[in-house]
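# Residue-level structural notes
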Amino acid sequence: MRINSDRKVWIDLIYLDNAATTKPCTEAVDAAVEAMTVNFGNPSSLHRAGLNAQLAVDEARKLIADSIGADNSSVYFTSGATESNNLALRGASAAYGKKCRKIVISAVEHASIDETASDLEKKDFEVIRVSPRDDGRFYAADFVNACDENTCLISMMLVNNETGYILPVKEVFNAIKRRFPHIITHCDCVQAYMKVPVKANALGADLISLSGHKIHGIKGVGVLYIKKGIRVIPVVTGGKQEKGIRSGTESVPLICAMGAAVKKLAPTINERFKRVSELKACLLGRLADIDGIAVNSPDDGSPYVVNISVIGRRSEIMLHFLESKEIYVSSGSACSKGQQSGVLGQFGISGKRADSAVRISMTAETTEDEIDALANALREGIEKVRG
């Protein structure tokens, strides 16, 4: 890869960090450009330009709502999944936490959930973090046992962003609703959406967080699904946009881009899942031939995310070696800025093995040739890199 003088052209780039962000698809870019150049009005304005912008937002809202089997009125736009997660936890706890002061989350949540929960602890909420058992798996009974009549909210992700582990959300939420129907259920579906079917009713979720830039949309837009009848106290107040749930002028270009990405991807979820599963099998086959590599992701995890350890080689050093070969991966969640999040430790991966973790995340556009190039570079890196 090289960047030309005006920094516009990337050549021969092998991008395998799609869990951090995806390349916007052509349809998303075109939709954003149209919103910036044609439907550039403020959706809150009462004139035709405002109406056209509002209609574009409404179309995107419907596309996203349909994709999760929800009513249009249940979809609220935010600036991204971090804001959606904050709004879910802070808004629901504000609405239901006057009498019930306990929150239950999994111990492997994204920082936007875990740190928000920690902040709520300072406000006298009790937070229970449920860990995997010794076999590295979560069980519904452990979440149910962590809840009681004093619990107002449970939050757990569907697909872990560092390992690809698929959490038993449907089983957990259904069990909790049977025993404690008052508990609000929230699911962070960021790494699952448009990769596996995500349906609100099937999951038993009252609240769902989604992100635009993880599905070939553009950074800066997310969604919070709020089931009808569920109360969420706004975190951002002002002009009453999004029915007062999230004030602030809607970013029409980013919203339209997300809608366009959903329109493109929704019909091919199963087809793309099969393709990426084949790529994962190809990757694991190549890695099996290389001494010194351990696979940290479960066999039955999401094929889109594969976490490995290059034993004896620190993540940062290996990442920079791969970068020198124009291959881009990560050491974990991009939001952790390279710091260990502790998630791997929850799955029983610690010490030097955690220090050498590399996350490979693919899309259906990833090729076998790119997998081969990665495997060859890893083999070379093991020989050349020390420390």
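As shown above, the structure is provided for reference.
To start, this report covers the structure provided alongside it. (Residues numbered from 1 in each chain as written. Predicted model: local features only at pLDDT ≥ 70, side-chain atom pairs only at ≥ 80, totals over all residues. Heavy atoms only, no water.)

A count of helical and extended segments in the chain gives 13 helices and twelve strands. Relative to a compact globule of 387 residues, whose C-alpha radius of gyration would be 21 Å, the chain shows 21 Å and is just as compact. Within the chain, buried positions represent 56% of all 387 residues. Within the chain, counting contacts between residues at least 6 apart in sequence, those at least 24 apart form 72% of the total. Charge-centre separation for the chain: the mean point of 48 positive side chains lies 4 Å from the mean point of 46 negative side chains. (Helix = DSSP H or I, 4+ residues; strand = E, 2+ residues; numbered from the N terminus. Rg over C-alpha atoms; globule rule 2.2 N^0.38 Å. Buried < 20%, exposed > 50% of the residue type's maximum accessible area, 1.4 Å probe, protein only. Contact = heavy atoms within 4.5 Å. Lys, Arg positive; Asp, Glu negative; His and termini not counted. Charge placed at Lys NZ, Arg CZ, Asp CG, Glu CD.)

For the rest of this paragraph, the subject is the side chain of Ser67. Here Ser67 is to be found in helix α2 (residues 48-67). Given the relative accessible area of 12%, Ser67 is considered buried. Apart from residues lying up to four places away in sequence, Ser67 is in contact with Tyr193, Met194, Val198, Lys199 and Val262.

Below, the discussion takes up the packing of aromatic side chains. The full count for this structure, using the stated rule, is four aromatic pairs. Between Phe138 and Phe347, the ring centres sit 6.3 Å apart and the planes meet at 90°, which makes this aromatic pair edge-to-face. Here Phe138, found in the loop between β4 (126-130) and α5 (140-146), pairs with Phe347, found in the loop between α11 (343-346) and α12 (351-355); they are 209 residues apart in sequence, far enough to count as distant. You can call Phe138 buried: its relative accessible area is 5%. You can call Phe347 buried: its relative accessible area is 14%. Ring centres of Tyr165 and Phe347 lie 5.2 Å apart, and the angle between their planes is 40°; on these two criteria the pair is classed as tilted. (Phe/Tyr/Trp six-rings, centres within 6.5 Å; stacked < 30°, edge-to-face > 60°.)

A separate point is the sheet that holds strand β10 (residues 305-310). Sheet architecture is open: three strands sit in the order β9-β10-β12, paired in antiparallel fashion. Every interior strand has two partners, whereas the edge strands, β9 (293-295) and β12 (357-361), have only one. On average, each strand axis in the sheet is tilted by 30° relative to the strand beside it, whichever way the strands run. Bridge count for β10 against β12 is five bridges, and the pairing is antiparallel. (Pairing = 2+ DSSP bridges. Axes fitted to C-alpha atoms, helices over the stretch in contact; angles between N-to-C directions.)

Ile64, Phe143, Leu158, Tyr193, Val198, Leu203 and Leu210 are the most contacted members of the largest nonpolar core, which totals 71 residues. It is helix α8 (residues 252-265) that contributes the most residues to this core, ten residues altogether. Beyond its immediate chain neighbours, meaning those up to four positions away, Val198 contacts Ser67, Ile68, Leu158, Cys189, Ala192, Tyr193 and Leu203. Among the nonpolar cores identified, the runner-up in size contains 32 residues, and Leu16, Ala19, Val306 and Val310 belong to it. (Core = buried A, V, L, I, M, F, W, Y, C linked by side-chain atoms within 4.5 Å.)

Within the fold, Ser302 resides in the loop between β9 and β10. We classify Ser302 as buried; its relative accessible area is 3%. Setting aside chain neighbours within four positions, we find Ser302 in contact with Val159, Gly164, Ile166 and Lys280.

Two side chains carrying opposite charge are able to pair once their charged atoms lie near each other. A full pass over the atoms with the stated rule returns 18 salt bridges. A salt bridge links Glu242 to Arg61; the shortest N-O distance between them is 2.8 Å. Residue Glu242 is located in the loop between β8 (222-226) and α8, and its partner Arg61 is located in helix α2; the two are separated by 181 residues in the primary sequence. A relative accessible area of 6% means that Glu242 is categorised as buried. Residue Lys325 is joined to Glu380 by a salt bridge in which the shortest nitrogen-to-oxygen separation is 3.1 Å. Here Lys325, found in the loop between α10 (315-324) and β11 (327-328), pairs with Glu380, found in helix α13 (residues 368-384); they are 55 residues apart in sequence, far enough to count as distant. (Salt bridge = Lys/Arg side-chain N within 4 Å of Asp/Glu carboxyl O.)

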